[in-house]
Amino acid sequence: MALSSFHMGFQVSCIQGRPSIPADNLIKTALSFVVKPFFGAILQQVPDIRIEHVSKSVKNTSIKILDGFVDSMFEIVDRPLPPSQRNFAPVDELGSPVVITSIEGNIPDSFPEGVYLRNGPNPLFGGLKSTKSVFGKSNHIWIEGEGMIHALYFNKLDNLNDSKHYWSIHYNNRHVETETFKLEKLRNRLSFLPTIGGDSSAVLSAYILNLLRFGKVNKYISNTNVFVHSDKLYSIAENHMPQEIDISTLQTLGNWDLSPAWNRPFTSHPKRAPGTGELVIIGIDAVKPYVEMGVISADGKNLVHRADLKLSRSTFCHDFGVTQRYNVFMDFPLTIDIMRLVRGGPLIEYNKEAYARIGIMPRYGHADSIKWFNVEPNCTLHIFNCFEDGDDEVVMWGCRALESVIDSNKHDTSPRDANYLLHIRPYEWRLNMRTGEVKERNLTAVTEFSMDFPMINANFTGLKSKFGYTQVVDPTFTCTSSSEDMPKFCGLAKLHFEELDTRYSTTTGESEEVIKVEYHMFEKNTFCTGAAFVPEKGGLEEDCSWIITFVHKEDTNISQVLVIDTKKFSGEPVAKITLPYRVPYGFHGAFIPISVGHIFDHEQLCN
């Protein structure tokens, strides 16, 4: 996706057309015949399939036969990254934390002790692969890589020689060891066939062979986000339950098991409900019920509410919102459809002619209590915040595009038009619960940079906030990158939601009133991922804080962590922390203060 985090985080693009290798029509016909009536049912039963119920000898024999079939029928080929994408390549685990000594500038005394974490794909077996078979081609894309967490630990220590203190900083990384990660590591080979990119028949055959061999249609990647609930750290991706992580060692402690109360994955962006501390979640599936929401107790032990939204399509819901009273859902026309895949189309597709709506439901409501608002069709994957403005209005701020790159190569548009449609702009929806009226507007000018991966001060989740922050998409990527490339982020933006500015629109030829935006742009060929908001310890102001982010300097192959004062946003970072190891680009990050309850073991870090 040329300008969208969906390409970076969640692109599932199945190429239409005939396989490039001539297929055996009998095999394809048989595959289609079996899949069409039963594939949905098979997927629905995936959580209940347990190969261990079969005797060990039969199981081992069956797997050997299937492995032999896969080895003989599928040719696995490495797909090298182009030079501009080299920092997407995986790195090795360190094994233990390392002390960081190279710091330019000073970390402020009011900066909180804690851990800065960022998740991202880090393929276990050396990067992207593609397969060739009689079924056609399928390929890994970067987002399928197994999750790896990169962590920077900030600990304040007293100086015995005087009354001052100093910062002790350590860096570590570690794979998230899901069940499928352990399986492939034990086998010491790529075992799951790629299931995201490629010809539909090849993708379907990969689903079925993965299911027959391992009881799962795909790997559990756990590579998208990290979050805290009830003083526990979790790693998460859309296709599985979260994994609990030991914050000191980054060791994977196991799945967060809420079954049988909750027996499906949940979104990478759960939300803490303001006031109660409960965790609101949603989970999507390719079969009915397509989207469900849940509320987990503040102590993380119980699912206190669950509701089927009763959608008529499987909408790809990567994010959602909460307010003090409501849950806010997006039913936008980016959909998952297995039968579309069987017919030779893409598994995930954006249809700009289809309807789009936003649903507002009381916190413990059900499908019949949702009030739906029809809005202009769009592709929005991330939101800043939702809040109630007065008694009647609910406001949602998000990062909105008019097109999805999944279909960008299918539309007859000029590069200029495509760039406009894929341009991600901060956007506002005002939804009146009493009258049903909808007011929509762009918050920034079309001439501003494309922005995504929004964040706010988490203390204002569900409440009216004055500020928001985003990563800025490299504008050169917009015009020159191929569909194989991933977007990179060349800076950060600070949005002043309550300060207006007037800009001249070259698109409409008129002046437009937009919000004030400040930028912090990096040096040439330096790009960030996983930017996170760090509130000042004891700070009372919303933006009395810092933004922290991993960056990579591509000209020198050096990775750093930058600490940026939000009060002096466009100025130099207050600290530049140079890491002794390369950190690949990734997805979402978070800063976890010690005050949250995670007391990491400093002696363990030092040892």
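Residues numbered from 1 in each chain as written. Predicted model: local features only at pLDDT ≥ 70, side-chain atom pairs only at ≥ 80, totals over all residues. Heavy atoms only, no water.

Let us look at the overall build of the chain. Along its length, the chain carries 9 helices and 37 strands. A buried classification covers 59% of the 607 residues belonging to the chain. A separation of at least 24 residues holds for 67% of the contacts in the chain among residues at least 6 apart in sequence. Taken as a whole, the chain presents about 25,100 Å² of accessible surface, with 50% of it coming from carbon and sulfur. (Helix = DSSP H or I, 4+ residues; strand = E, 2+ residues; numbered from the N terminus. Buried < 20%, exposed > 50% of the residue type's maximum accessible area, 1.4 Å probe, protein only. Contact = heavy atoms within 4.5 Å. Areas by Shrake-Rupley, 256 points an atom, 1.4 Å probe, with all protein chains shown as cover.)

With that settled, consider the sheet that holds strand β1 (residues 75-78). Strands sit in the order β1-β5-β6-β9 across an open sheet of 4 strands; the sheet is antiparallel. Of all the strands in the sheet, just β1 and β9 (197-198) have a single pairing partner and so form its edges. By the bridge criterion, 2 bridges tie strand β6 (residues 136-139) to β9 in an arrangement that is antiparallel. When the sheet's bridge partners are listed, Ser-138 is paired in β9 with Gly-198. (Pairing = 2+ DSSP bridges.)

This next bit is on the sheet that holds strand β20 (residues 326-331). Read across the sheet, 4 strands follow the order β19-β20-β23-β24 without closing on themselves; strand pairing throughout is antiparallel. The strands lining the two open edges of the sheet, one partner per strand, are β19 (321-322) and β24 (371-375). In this sheet, strand β23 (residues 356-362) lies alongside β20 in antiparallel orientation, the contact comprising 6 bridges. Directly across from Tyr-326, in β23, lies its bridge partner Pro-362.

Counting buried residues in β20 gives 6 out of 6 residues, a clear majority hidden from the surface. Covered by surrounding structure in β20 are Tyr-326, Val-328 and Met-330 together with Asn-327, Phe-329 and Asp-331, the residues of both alternating faces. The loop that links β19 with its antiparallel partner β20 comprises 3 residues.

This paragraph deals with helix α4 (residues 179-187). Residues Thr-180, Phe-181 and Glu-184 constitute the buried set of α4. Viewed along the axis of α4, the buried residues span an arc of 105°, placing them on a single side of the element. Buried positions along α4 lie against β8 (165-175). (Arc of directions from axis to C-beta.)

Another point: the nonpolar core. The biggest cluster of nonpolar side chains holds 35 residues, and the ones touching the most others in it are Met-293 and Leu-309. For this core, the elements supplying multiple residues, two or more each, are α5 (200-214), β15 (279-284), β16 (291-296), β21 (334-336), α6 (338-342), β22 (348-350) and β25 (379-389). Those residues in contact with Met-293 that sit more than four places away from it in its chain are Trp-262, Val-280, Ile-281, Ile-282, His-305, Arg-306, Ala-307, Leu-309, Asn-327, Phe-329, Met-361 and Arg-363. Counting 28 residues, the second-largest nonpolar core is a separate cluster that includes Ile-196, Ala-401, Ala-493 and Tyr-519. (Core = buried A, V, L, I, M, F, W, Y, C linked by side-chain atoms within 4.5 Å.)

Okay, α5 next. For α5, spanning 15 residues, the distance from its first C-alpha to its last is 21 Å, which sits close to the expected 21 Å at 1.5 Å a residue. At the C-terminal side of α5, Gly-215 shows a positive phi close to 75°. (Expected span 1.5 Å × (residues − 1).)

Considering the arrangement of structural elements, one finds Glu-113 in the loop between β3 (103-105) and β4 (114-121). Each C-alpha atom of the pair Glu-113 and Lys-156 lies 6.5 Å from the other, and the pair is 43 residues apart in sequence. For Glu-113, the residues in contact, after removing those within four places along its chain, are Phe-154, Asn-155, Lys-156, Trp-167, Phe-591, Ile-592, Pro-593 and Ile-594. A polar contact of 2.7 Å, which involves the side chain of Glu-113, links it to the backbone nitrogen of Lys-156. (Polar contact = N/O pair within 3.5 Å; in protein donor to acceptor, adjacent residues only side chain to side chain.)

Cis peptide bonds are those with omega within 30 degrees of zero, and the linkage from Ser-259 to Pro-260 qualifies with 0°. You can see Pro-260 is positioned in the loop between β13 (252-255) and β14 (271-272). Cis geometry is found at the peptide bond from Lys-288 to Pro-289, where omega equals -5°. By the element assignment, Pro-289 lies in the loop between β15 and β16.

Looking now at the packing of aromatic side chains. Each aromatic ring pair is specified by the distance between its two centres and by the angle formed by the two planes. With the rule as written, the count across this model stands at 25 aromatic pairs. A centroid spacing of 6.3 Å and a plane angle of 40° characterise the contact between Phe-332 and Trp-429, whose relative ring orientation is tilted. In this pair, Phe-332 is assigned in the loop between β20 and β21 and Trp-429 in strand β27 (residues 425-432), connecting sequence segments 97 residues apart. Since its relative accessible area comes to 0%, Trp-429 is described here as buried. Between Tyr-469 and Phe-533, the ring centres sit 5.6 Å apart and the planes meet at 45°, which makes this aromatic pair tilted. Remark: Phe-533 occurs in strand β33 (residues 526-535) and Tyr-469 occurs in strand β30 (residues 467-473); sequence separation between them is 64 residues. When its relative accessible area of 1% is taken as the criterion, Tyr-469 is described as buried. Assessed through its relative accessible area of 9%, Phe-533 is described here as buried. Over the ring of Phe-550 we find Arg-118; its NZ or CZ atom is 5.8 Å from the centre of that ring. (Phe/Tyr/Trp six-rings, centres within 6.5 Å; stacked < 30°, edge-to-face > 60°. Lys NZ or Arg CZ within 6 Å of the ring centre and 35° of its normal.)

In this structure's numbering, the residues bearing the UniProt feature "binding site: Fe cation" (unreviewed entry) are His-269, His-318, His-382 and His-588. These annotated residues cover 320 residues of sequence, and their C-alpha atoms all fall within 12.6 Å of one another, placing them together at a single site. Position of His-382 among the secondary structure elements: in strand β25. In this structure His-382 comes out as buried when scored by relative accessible area, which is 2%. Within polar-contact distance, the side chain of His-382 engages the side chain of His-318 at 3.1 Å. Mapped onto the elements of the fold, His-588 is located in the loop between β36 (575-578) and β37 (589-593). Residue His-588 is classed as buried on the basis of its relative accessible area, which comes to 9%. (UniProt positions renumbered as here; feature names shortened; annotations may be inferred.)

Tracing the backbone shows Thr-195 in the loop between α4 and β9. Owing to a relative accessible area of 1%, Thr-195 belongs among the buried residues under this scheme. Within the structure, the side chain of Thr-195 is placed 2.5 Å from the side chain of Asn-218, a separation counted as a polar contact. With sequence-adjacent residues up to four places away left out, Thr-195 is seen in contact with Glu-144, Val-203, Ala-206, Tyr-207, Asn-210, Val-217 and Asn-218.

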